[in-house]
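# Summary of structural features
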Amino acid sequence: MTDRIAAEIAQLSEELRRHEWLYYVAAAPELPDSEFDRLMKRLEALETEHPALVAPDSPTRRVGGGPSDGMATIEHAIPMLSLDNSYDESELTEFEGRARRILGEQDMEYVCELKIDGVAVSLLYEDGAYVRGATRGDGRVGERITDNLRTIRSIPLRLRGDAPAALEVRGEVYMPRDKLDAVNVQREEAGEPRFANPRNAAAGSVRLQNASATASRPLDVFLYSVAENGAPLTGTHAETLESMAGWGFRTNPEARVVATIDEAVAYCHEWTERRPELLYEIDGVVVKVNALSQQRELGSTAKSPRWAISYKFPATRAMTVVREIQAQVGRTGVLTPRATLAPVELDGVTISHATLHNADEVARKDIRVGDTVTLERAGGVIPAVVAVVKERRPEDAEPFAMPSVCPACGEAVTRIADEAATRCANPGCLAQLHRRLEHFASRKALDIDGMGTSVAQSLADAGMVRDLSDVYSLDVSALADLDGMAEPSARGLTHSIAASKNRDPARLLHAIGVPFVGANIAELLVDEFGSIDAVAAASAEALEAIHGIGERVAASVVGFFASDANRRVLDVMRQSGVRMARETTAVETTDTLAGATFVLTGELPTLARADAGARIKAAGGRVTGSVSGKTDYVVAGANAGSKLTRAQDLGVAVLDEDALLDLLRAD
Ligand code: IVH
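Okay, so let's go over this structure.

Each value, and the rule that gives it
- Residues numbered from 1 in each chain as written.
- Predicted model: local features only at pLDDT ≥ 70, side-chain atom pairs only at ≥ 80, totals over all residues.
- Heavy atoms only, no water.
- Patch = residues over 30% accessible without salt bridge, like charges linked within 9 Å, V, L, I, M, F, W, Y side chains within 5 Å.
- Areas by Shrake-Rupley, 256 points an atom, 1.4 Å probe, with all protein chains shown as cover.
- Salt bridge = Lys/Arg side-chain N within 4 Å of Asp/Glu carboxyl O.
- Lys, Arg positive; Asp, Glu negative; His and termini not counted.
- Charge placed at Lys NZ, Arg CZ, Asp CG, Glu CD.
- Helix = DSSP H or I, 4+ residues; strand = E, 2+ residues; numbered from the N terminus.
- Buried < 20%, exposed > 50% of the residue type's maximum accessible area, 1.4 Å probe, protein only.
- Contact = heavy atoms within 4.5 Å.
- Polar contact = N/O pair within 3.5 Å; in protein donor to acceptor, adjacent residues only side chain to side chain.
- Pairing = 2+ DSSP bridges.
- Axes fitted to C-alpha atoms, helices over the stretch in contact; angles between N-to-C directions.

This next bit is on a negative patch on the surface. Negative charge collects at one region of the surface, where Asp88, Glu89, Glu94, Asp262 and Glu263 lie side by side. Among the elements of the structure, helix H3 (89-103) and helix H9 (261-274) are those that each provide at least two residues to the negative patch. The topology assignment puts Asp88 in the loop between strand E2 (85-86) and H3. According to the relative accessible area criterion, Asp88 is partly exposed, its value standing at 34%.

Positionally, Ala640 belongs in the loop between strand E21 (633-636) and helix H23 (642-650). Judged by its relative accessible area of 17%, Ala640 falls in the buried class. In sequence terms Ala640 and Gly602 are 38 residues apart; their C-alpha atoms lie 4.0 Å from each other. Excluding residues that lie within four positions of it along the chain, Ala640 makes contacts with Thr601 and Gly602.

Checked against the element boundaries, Arg423 lands in strand E18 (residues 422-424). Looking at Arg423, its side chain comes within polar contact range of the main-chain oxygen of Thr332, at 3.0 Å. Those residues in contact with Arg423 that sit more than four places away from it in its chain are Thr332, Gly333, Val334, Val413, Thr414, Ile416 and Pro515.

Although it is not a glycine, Asp366 sits at a positive phi angle of roughly 50°. Within the secondary structure layout, Asp366 lies in the loop between helix H11 (359-365) and strand E15 (372-378). At Phe516, a residue that is not glycine, the phi angle is positive and equals roughly 75°. Here Phe516 lies in the loop between helix H16 (505-511) and helix H17 (519-529).

Reading across from one edge, E2-E11-E10-E3-E9 is the order of the 5 strands in this open sheet, with mixed pairing throughout. Each edge of the open sheet is held by one strand with a lone partner, namely E2 and strand E9 (256-258). As judged from the 3 bridges shared by strand E3 (residues 110-116) and E9, these two strands associate in the antiparallel manner. For Cys112, the partnering residue across the bridge sits in E9 and is Arg256. Packed onto the sheet, H3 meets E2, E3, strand E10 (282-289) and strand E11 (308-312) and runs at close to 175° relative to E11.

As a further point, take the pattern of salt bridges. When the charged atoms of two side chains with opposite charge come close together, those side chains can pair. Counted according to the given criterion, the structure contains 32 salt bridges. Between Arg392 and Glu35 there is a salt bridge whose closest N-O contact spans 3.1 Å. On the criterion of sequence distance, the pair formed by Arg392 in the loop between strand E16 (382-388) and strand E17 (413-415) and Glu35 in helix H2 (residues 33-49) is long-range, its members being 357 residues apart. With a shortest N-O distance of 3.6 Å, Lys312 and Asp283 are connected by a salt bridge.

Next up, the structure:
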């Protein structure tokens, strides 16, 4: 009997240790939190019943996972505990019951806060100055990430007002949801695996070896508590949050004081619904007893405070089984593996498919038909397979292999050595043309109303569009011949096609489907060069000199415009009156800035970068791509990244657009 229990304890401990490591160290969890908690509770129950079997290194004796090797560590003067989880109303009511047993009939209030889904950090200030930043680590020992955290703009380096002389605050660093995509595009370009969700992205970004790499990641922070390390705090948690805001910390605006646990439950339900409104991910709500004297009276267990509990939203993750993996042909011919799943509900939506991105990703996660996988709605929108639950793999599951021929046209596919992609290189592959045309007409590209998936497909199938320029020779009578298209719709479509000729050239550049050139990169390129022709004529070096453009994008742009067929398509579009250039204002040449070297970074409020560059050159200045000791001025706009940091480090003068315009006006 004891043997059997000892074996179960050993097996549970082993499993939990692996999942803890995956969660805290590798930032690549495989299990939903609820499943992890279930295993932990089972182990706790066994150990409570059989105390003689508790090992000193049991997962129940720890607060979390260990810090990763190779980073300097610090010891938290006050441990960073974790929160007990609850998943429904009754568990919140039980939480109140436990608190009541200690506090008796005292009046109690709660503060409800959003549970930000990022990475926990601690910040230390001495005499108002930021001196140290750390991760939570295992709760007792964390990693020192002072310089990395310094790069997050919302972390104050000096406090305002009457901040205590010694102050440690805690909070959550996160990556805004809409920024994850851009970071993943960069990672793919650098041949690195994608982050499955904003939390992993935040955890990976704060722990980078190089602070300037962290600086280029779009991170933000909400601070939610003060660790008592001076005089004990008095008053309420809500007042502490107010004081923190007064000292210059970014606190979350949605925190709310409520008088009863029922109101706390209502807050949890409200945010379960309102969650999509937020620009950041939350994975639940934290309910905290408001009076600090009551918090002290309630105290903590070794793992978590008795005065707070987290309410976890239902199934942000779910488990299901992979039934099939198929390769789909994209608009650039890239084959994307896509999983068909046993339907499962996730955030109220039934999911039966998930993209697996590319063959490397499938190989890295080792996803096989028959596997049980964890799904997550990454970035709140696209469901993604986060990991395989290896313990549940059927014995006969075979590794996935990409097909050797295109599933649409049957031509042999090629695997490009330094790309993660497998491609169908057949220019006549109809599946590619469908996707290209659909993309060309899509909202973010040329926004051709009335040319959705099925019309695009019919146009390609009927041979009316063989390449993208054919769109501009479609007329009402030809369109009206298309199956299912009546004359009024055909007329409407020709109007939308005509309207698409005058869109911003960056949208055209995005629409024509240069591999790796998404909307943001197209915007960067046209900002810099002003026209499609200038982009087409640019050398790889000139392209790479632009911040945000890597070697792979540069090579792809050069390769695309080297193709006669692609150039011909653009020529026909030009003849059809499609707009190819931004208007640039003619500038007078002077020598106001003779000899001065400039670097432009970020988005300027009114000038396109190409315009700003043209004006500087017209005034005799030089524009270069990278900041060095020889740079005289860095002109920085919104979302300026590492170039601005470098300028500040080197003491180079930084100008905003107004200051640049003043300089250009000076004689
Ligand atoms: S209070 C004793 N408040 O959730 C711990 N935590 O297990 C007190 N978190 O990673 C934590 N938002 O960083 C608290 N508003 C919030 C939070 C929050 C996110 C994170 C915390 C930690 C985990 C707690």
